[in-house]
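Architecture and fold: a report
Here are the chains, one letter per residue:
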Amino acid sequence: MPSMLVVGSVAFDTLHFATESHPRVLGGSAVYAAIAGAHFAPVQLVGVVGRDFPDSAIHLLRSRNVDLGGLEVVDGETFHWEGRYSDDLSSRQTIRTDLNVFADFRPKIPDAYRDTPYVMLGNIDPTLQLEVLEQIRAPKLVIADTMNLWIDIKNDALRELVRRIDLLILNDEEAMQLTGHKNLIKAARNLQDMGPDTVIIKKGEHGALLFEGADVFAVPALPLEAVADPTGAGDTFAGALLGYVAKQDSVDGATLRRAVVYGSTLASYCVEGVSTHRLVTVDTAALQTRFEQFRKLTTF
Ligand code: AMP
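In short, a report on the structure.

Rules used in this analysis
- Residues numbered from 1 in each chain as written.
- Predicted model: local features only at pLDDT ≥ 70, side-chain atom pairs only at ≥ 80, totals over all residues.
- Heavy atoms only, no water.
- Phe/Tyr/Trp six-rings, centres within 6.5 Å; stacked < 30°, edge-to-face > 60°.
- Helix = DSSP H or I, 4+ residues; strand = E, 2+ residues; numbered from the N terminus.
- Buried < 20%, exposed > 50% of the residue type's maximum accessible area, 1.4 Å probe, protein only.
- Near = heavy atom within 4 Å.
- Polar contact = N/O pair within 3.5 Å; in protein donor to acceptor, adjacent residues only side chain to side chain.
- Areas by Shrake-Rupley, 256 points an atom, 1.4 Å probe, with all protein chains shown as cover.
- Nonpolar A, V, L, I, M, F, W, Y, C, P; charged D, E, K, R; others polar.
- Core = buried A, V, L, I, M, F, W, Y, C linked by side-chain atoms within 4.5 Å.
- Contact = heavy atoms within 4.5 Å.
- 1 Å grid on protein atoms, 1.4 Å probe; cavity = no way out; pocket = protein on both sides within 12 Å on 5 of 7 lines; lining within 4 Å.
- Points joined across faces, edges and corners; volume = space filled by probe spheres on them.
- Pairing = 2+ DSSP bridges.
- Axes fitted to C-alpha atoms, helices over the stretch in contact; angles between N-to-C directions.

Here we take up the packing of aromatic side chains. Centre distance and the angle of the planes are the two values used to describe a pair of aromatic rings. Under the criterion given, the structure shown has eight aromatic pairs. Aromatic pair Phe40 and Tyr262: ring centres 5.2 Å apart, planes at 70 degrees, arrangement edge-to-face. A residue pair is termed long-range when its members are at least 10 positions apart, and Phe40 in the loop between helix H1 (29-37) and strand E4 (43-50) and Tyr262 in helix H9 (residues 253-270) qualify at 222 residues. A relative accessible area of 6% means that Phe40 is categorised as buried. Residues Tyr262 and Phe291 carry aromatic rings whose centres are separated by 4.1 Å and whose planes lie at 15 degrees to one another, so their mutual orientation is stacked. Pair noted here: Tyr262 is in helix H9 and Phe291 is in helix H10 (residues 284-298), with a separation of 29 residues, a long-range link. The pair Tyr262 / Phe291 is uniform in exposure class, with both members buried. The rings of Phe40, Tyr244, Tyr262 and Phe291 are connected pair by pair, giving a single aromatic cluster.

Have a look at this one:
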């Protein structure tokens, strides 16, 4: 089966909620995406951690079918992000970002990974995402995720990246910020004009829109009774989406639609637990059950 490559952050996250805090739990865009993608296809992870990164996290990733041949362990401390969520979990504020070993990170794609057909450029500095692109050969699909920080401070590099990828994933506010369009259809069409054939606009608890060529597909988020921690939902969505595409070894419209539903399925599990705690409990049966729930929810 074709594999997928994920490049992104590997992190400790300190999370604050209305009534509790979770210091230094496992996080990072590459971690969420890799665990989600590995439900479908073999995953190769490229990133960096410090000497403080625990063996337990390494074992966890390895046990999930994630190849860590591209994970550098260097002197220094692992990237640390700290955020506080609003009481209803609908928004969050970054309290601090300690880049630590990430500050000098230059992604090196091992030779054995350079022919990997499916590539996810997780949310990191777009200059680094471009460096990854330079190192891979003839991929079938490159997807990239980004965030408001890079739209603000690395706009030119981000636009260059967008020109060169196949699928861009971003949230509604970022799409508006990058294009200047308040209307999401106009924003998506504008983004497609910048380069990628396919654009996915995430709307958090309101689901996601897939724009593929002239086609538009909408998927809701699964209505959940209890959300514990929304961190990583976007990365989980993207990783699962790409894993499913890799498994099918196809990028046609019907596959992409199902991939978006699988992305939403894994994201719904991700938010039910703190850090990756719930995500790692999902098995094939659970995945299928919730995939069918999505079908029921949207069939009429
Ligand atoms: P998400 O909730 O999908 O936006 O992703 C959350 C993850 O992004 C957290 O686990 C953080 O460790 C990671 N993260 C936060 N800020 C950055 C950043 N500036 N660069 C890379 N990763 C980040």
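Back to the write-up after that little detour.
Next up on the list: the site of the ligand. If you check the shell around the ligand, you find 17 residues, and the closest are Ser9, Asp13, Gly28, Gly232 and Asp235. Here an oxygen atom of the ligand and a backbone polar atom of Gly234 are 3.4 Å apart. Within the side chain of Asp235, one N or O atom sits 2.8 Å away from an oxygen atom of the ligand. The protein chains hide 90% of the 510 Å² of surface that the ligand would expose on its own. Of all the elements in the fold, those that place two or more residues in the shell around the ligand are strand E2 (11-16), strand E6 (79-85) and helix H8 (233-248). With three residues, H8 is the single largest residue contributor to the shell around the ligand. Taken together, the residues of the shell around the ligand sort by class into seven nonpolar, seven polar and three charged.

On to the nonpolar core. By size, the foremost hydrophobic cluster in this structure holds 62 residues, and its most contacted members are Ile143 and Ile200. Setting aside chain neighbours within four positions, we find Ile200 in contact with Leu167, Leu168, Ile169, Leu170, Ala208, Leu209, Leu210, Phe237, Leu241 and Val260. Phe79, Val119, Ile124 and Ile201 belong to the second-largest nonpolar core, a separate cluster that totals 46 residues.

Quantified by volume, the second largest pocket comes out at close to 230 Å³. Around the second largest pocket sit 13 residues that line it, and Phe217, Arg257, Val261, Arg295 and Thr298 are the ones nearest its centre. For the lining of the second largest pocket, the secondary-structure elements that each account for two or more residues are strand E13 (215-219), H9 and H10.

Here the focus is the sheet that holds E2. Taken in spatial order, the four strands make up an open sheet running E3-E2-E6-E7, and their pairing is mixed. Only two strands of the sheet have a single neighbouring strand rather than two, namely strand E3 (21-27) and strand E7 (92-98). With direction set aside, neighbouring strand axes in the sheet form an average angle of 20 degrees. In the sheet, E2 pairs with E3 via five bridges, with the strands oriented antiparallel. Bridge assignment links Leu15 to a residue of E3, and that residue is His22.

Keep in mind these values describe shape, not function.
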